[in-house]
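As a plain string of letters, each chain reads:
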Amino acid sequence: MEETVRERLIKALLASSEPLTIYQLQALVETDLKPNELYDELEHVRKTLKRQGYRLDVVPATCKKCGYQFTDRERLKKPSRCPRCKSERIDPPRFYVKPLY
Ligand SMILES: [Zn+2]
């Protein structure tokens, strides 16, 4: 049976030794979903991983211009603009998985 995108996302995250951006994940899971849709999938993946005893952790998005880090974001999605300098050049968040306990 064909694996779902969510299953492939989980496998890719578990197999990776380094944090991955949504763009790297998009390539790894070979999907037609757009980055915005994949961020939504990741929200589900986060819940699934939690049930399996893992935590989806985030290396925060960073403003390329002033270095501001988006550390307090509840959503996983890449922010569109920096609250400090208003730049729209944002390094996307990167995702990795680690055991809860
Ligand atoms: Zn900034």
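See the structure printed just above.
A closer look at the overall build of the protein chain
Then, number 1: When helices and strands are counted, the protein chain shows 3 helices and 4 strands.
Then, number 2: Element order for the protein chain, N to C, with α for helix and β for strand: α-α-α-β-β-β-β.
Then, number 3: On C-alpha atoms alone, the protein chain measures out to a radius of gyration of 14 Å, which is about the 13 Å that the 2.2 N^0.38 rule sets for 101 residues.
Then, number 4: With the C-alpha coordinates aligned to their principal axes, the bounding extent of the protein chain is approximately 50 × 35 × 20 Å.
Then, number 5: Here the protein chain holds 101 residues, and 23% of them are scored as buried.
Then, number 6: Long-range contacts, defined here as pairs at least 24 residues apart, represent 55% of the contacts in the protein chain between residues at least 6 apart.

Quick notes on the nonpolar core
Then, number 1: Ranked by internal contacts, the top residues of the largest apolar core, which has 16 residues, are Leu-9, Leu-13, Leu-25 and Val-45.
Then, number 2: Of all the secondary structure elements, the ones that give two or more residues to this core are helix H1 (5-15), helix H2 (22-28), helix H3 (35-51) and strand S4 (94-99).
Then, number 3: Broken down by element, this core gets its largest block of residues, 5 residues, from H1.
Then, number 4: Setting aside chain neighbours within four positions, we find Val-45 in contact with Arg-6, Leu-9, Ile-10 and Leu-56.

Here's the deal with H3
Then, number 1: A rise of 1.5 Å per residue sets the reference length of H3, with its 17 residues, at 24 Å; its end C-alpha atoms lie 24 Å apart and thus fit the reference within 8%.
Then, number 2: Among the structural elements, H1, H2, strand S1 (54-59) and S4 are those in contact with the buried residues of H3.
Then, number 3: The first or second residue beyond H3 is Gly-53, which carries a positive phi of 90°.

As for the environment of Arg-73
Then, number 1: Residue placement: Arg-73 occurs in the loop between strand S2 (62-63) and strand S3 (90-91).
Then, number 2: Residue Arg-73 is classed as partly exposed on the basis of its C-beta count, with 14 C-beta atoms lying within 10 Å.
Then, number 3: In sequence terms Arg-73 and Ala-61 are 12 residues apart; their C-alpha atoms lie 9.4 Å from each other.

Here's the deal with unusual backbone geometry
Excluding glycine, a negative phi dihedral is what most residues carry, and trans is how most peptide bonds are arranged.
Then, number 1: Phi at Glu-30 is positive, roughly 50°, even though this residue is not glycine.
Then, number 2: Structurally, Glu-30 can be placed in the loop between H2 and H3.
Then, number 3: On the basis of neighbour counts, which here come to 9 C-beta atoms within 10 Å, the residue Glu-30 falls in the exposed class.
Then, number 4: A positive phi is found at Lys-86, a non-glycine position, where the angle reads about 70°.
Then, number 5: Summarising the element assignment, Lys-86 is placed in the loop between S2 and S3.

About the criteria used
- Residues numbered from 1 in each chain as written.
- Predicted model: local features only at pLDDT ≥ 70, side-chain atom pairs only at ≥ 80, totals over all residues.
- Helix = DSSP H or I, 4+ residues; strand = E, 2+ residues; numbered from the N terminus.
- Rg over C-alpha atoms; globule rule 2.2 N^0.38 Å.
- Buried ≥ 20, exposed ≤ 12 C-beta atoms within 10 Å, placed from the backbone.
- Contact = placed C-beta atoms within 7 Å.
- Core = buried A, V, L, I, M, F, W, Y, C linked by C-beta atoms within 7 Å.
- Expected span 1.5 Å × (residues − 1).

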